[in-house]
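# Descriptive analysis of the structure
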Amino acid sequence: MALLEVHQISHWFGGLQALRDVSLQADQEILGLIGPNGAGKTTLFNIISGFLTPSKGEVIYQGKPIQKIPPYNIVRLGIARTFQIVKPFTTLTVEENILAGLGMPYYPQMRGLISIYRTPENLKIVSDLIEFCSLQNYREALANRLPIGIQRRLEIARALATKPKLLLLDEPAAGLVAQEAMELADLINKLFEKGIQIILIEHNMRFAMNLCHRIVVLAQGEIIAQGTPIEIQANDKVINAYLGQE
Amino acid sequence: MSAGYALTILTFIAIYISLALSLNILTGFAGQVSLGHAAFLGIGAYTSAIMATRYGYSFAVDFLSAIIITGIVGIFLGLPSLRVRHDFLVLATMGINFVVISVFKYVDFFGGAMGLVNIPAPTLFGLSFRGGLPYFILTSFYALVTLAICWYISKTWSGLAFHTIRNDEDAAASVGVSSARYKIYAFGISAAIAGGAGSLYAHFLGSVFPDTFAFVESIAILSMVIFGGVGTLRGPIIGAIILRLAPELLRFIQDYRFTLYGGLLVLMMLFQPMGLLGDGSWLWQRLSLLSRSTKNNITEGG
């Protein structure tokens, strides 16, 4: 059984169908989700991470349906995410942003109300994450003062602080220069080696093709192809979807 | 200025420090702007007044009841915040304020427009806190306890959770914070503290009238928080001190108290949205630089 199975998901926004019978599996791989704008990629992410309840279909995670669980509990199951438009906690420092992720187990409990968060053990974990995500130079900086590439790495560090088994990255390379994108790819590979399953949405084709083990292509709410990067690059349907030929 | 008069002003300042700090938990920490905080002050004051005058409960009992009952009411009145965000929540809290005042005014149980009078001076452990210095000490102690609670909250996971929902509710959810839960916490804690302040208010004046807790009073409390620096601990304290003191020191302002509050609110929003001493405000940056350079001088000198 795969870690994540999406079964026949359909979703409507009013009269607009954003997803149509989408099914996919993800296990032990870096899975890329690509497709033209408006294909429904982020909608699918929002459904998996609990921000949207699908109109139809099921999301099975570790053998259990999770499509009705709210996002703040989804993260407790081990599914963490980043956002397409970065959402770091702007009035907090890098260190505090990561601590906020580390607080995940405490928030729903009474001990969250009474226990102090800035403890030596927690700061040690934060230091490790800061080093892992190469944020050493920014530890005390307020998140809104950081360049976009650093903010994206911060979102990954914050997500990692919740100790995910599955990490959903929504266009992690958007707005990055080539050098930053390469460093990010290294980081994502390191995460995969640590045993974290990764699904990422990407518009940067070179980035996705080099990094992903398998790619799923969405167009107009439907899966039109899946396979290895090499297969996808040669797929006529995919080329048509992107270039608009018929 | 007589000593008695000065103590009256100081007592009010202490009560308003608690109020401003309690609103700051809701508006500053959790980011839920409320224009109805005077309603919580009123609910606390009326709870105490009714328990003391009608049923003869001791101060300790009616004070604690004011805290608990206002806290519970706060949780219920916080429920709109789960459905509406930002500007709509501001309007909803405003509406709540008017509803609460109407209930005080038109329901006979609450004494109507004539209010409730003859609220006895409080006694605690056999000590009477009648007016003057003892009452100032009592209210100051309450302000200190409020400050301690706020400081402690800001160090706990819940303080961090408040910060996350104030920043972005989606990002908060992504790290496991239920914004609904934490908004309700913020309303409950904020209201409970305001209720305690209301109890002290009622016992200090000896009488309560509906209009004391009207919408303009909510504006006054919010002005203190905004003027001083929303989200910090020093801000609401400084705001409460300056905005309570100014009308007393500058007598000609007295009649224009709300002109001052309203005007300051507009000016602060335009030029210093972080307030007088908020993080990143003009004055606070200057002060931080100053203290840093003094520190450096001392180290260099030593």
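Structure first, text after, so check above.
A quick note: this is a predicted structure, and the numbers were derived from the prediction, not measured. Counting restarts for each chain: residues are numbered from 1 in the order of the written sequence. As they are written, the chains are lettered A onward and the ligands numbered 1 onward, keeping that order. Where totals are concerned, whole chains, interfaces and linings use all residues; where local detail is concerned, this predicted model gives features only for residues with pLDDT of at least 70, and gives and counts side-chain atom pairs only at 80 or more. Derived side-chain values reflect all non-hydrogen atoms in the structure, with water molecules and hydrogen atoms excluded from consideration.

A separate point is the sheet that holds strand 8 (residues 197-201) of chain A. In a beta sheet, neighbouring strands are held together by backbone hydrogen bonds and run either parallel or antiparallel to one another. All names here are of chain A. If DSSP finds at least two bridges between two strands, the strands pair. Strands are runs of DSSP state E lasting at least two residues, helices are runs of H or I lasting at least four, and both sets are numbered from the N terminus onward. Taken together, the six strands give an open sheet; going across it, the order is 6-7-8-3-9-10, and neighbouring strands pair in mixed fashion. Since the sheet does not close on itself, it has two edges, and those belong to strand 6 (79-81) and strand 10 (222-227), each with one partner. Neighbour-to-neighbour, the strand axes of this sheet turn through a mean angle of 20°, independent of strand direction. Direction of pairing for strand 6 relative to strand 7 (residues 166-170): parallel, over a ladder of three bridges. The residue of strand 7 that forms the bridge with Ala-80 is Leu-167. Pairs of residues are marked as contacts when any of their non-hydrogen atoms sit within 4.5 Å. Lines fitted to C-alpha atoms define the axes, with helix axes restricted to the stretch in contact, and inter-axis angles between N-to-C directions lie between 0 and 180 degrees. Running at roughly 160° to strand 7, helix 6 (residues 148-160) makes contact with strand 6 and strand 7 of the sheet. Sheet strands in contact with helix 7 (residues 178-193) are strand 3 (30-34), strand 7 and strand 8, and its direction is about 150° off that of strand 8.

Quick look at the interface of chain A and chain B now. Counting from both sides, the interface comprises 33 residues of chain A and, opposite them, 24 residues of chain B. Summed over both partners, the accessible area (1.4 Å probe) lost when two parts come together is defined as the buried area. Summing both sides of the interface, chain A and chain B together bury roughly 2,500 Å²; the carbon and sulfur share of this comes to 65%. Only one rule defines a salt bridge in this text: a Lys or Arg side-chain nitrogen within 4 Å of an Asp or Glu carboxyl oxygen. Applying the counting rule to chain A against chain B returns one salt bridge. A salt bridge links Asp-170 of chain B to Lys-87 of chain A, with the shortest nitrogen-to-oxygen separation between them at 3.1 Å. Polar contacts here mean pairs of N or O atoms no more than 3.5 Å apart (in protein, one a potential hydrogen donor and the other a potential acceptor; neighbouring residues in sequence count only if both atoms are side-chain atoms). Applying the counting rule to chain A against chain B returns nine residue pairs in polar contact (both at pLDDT 80 or more). Of the residues forming the side of chain A that touches chain B, the biggest block, five residues, is contributed by helix 3 (residues 94-102) of chain A.

Right, let's get into the sheet that holds strand 4 (residues 56-61) of chain A. Residue and element names in this part refer to chain A. As summarised here, the arrangement of the four strands in space is 2-1-4-5, forming an open sheet in which the pairing is antiparallel. Of all the strands in the sheet, just strand 2 (16-26) and strand 5 (64-65) have a single pairing partner and so form its edges. Note: strand 4 against strand 5, two bridges, orientation antiparallel. Each bridged residue has a counterpart across the sheet, and for Tyr-61 the counterpart in strand 5 is Lys-64.

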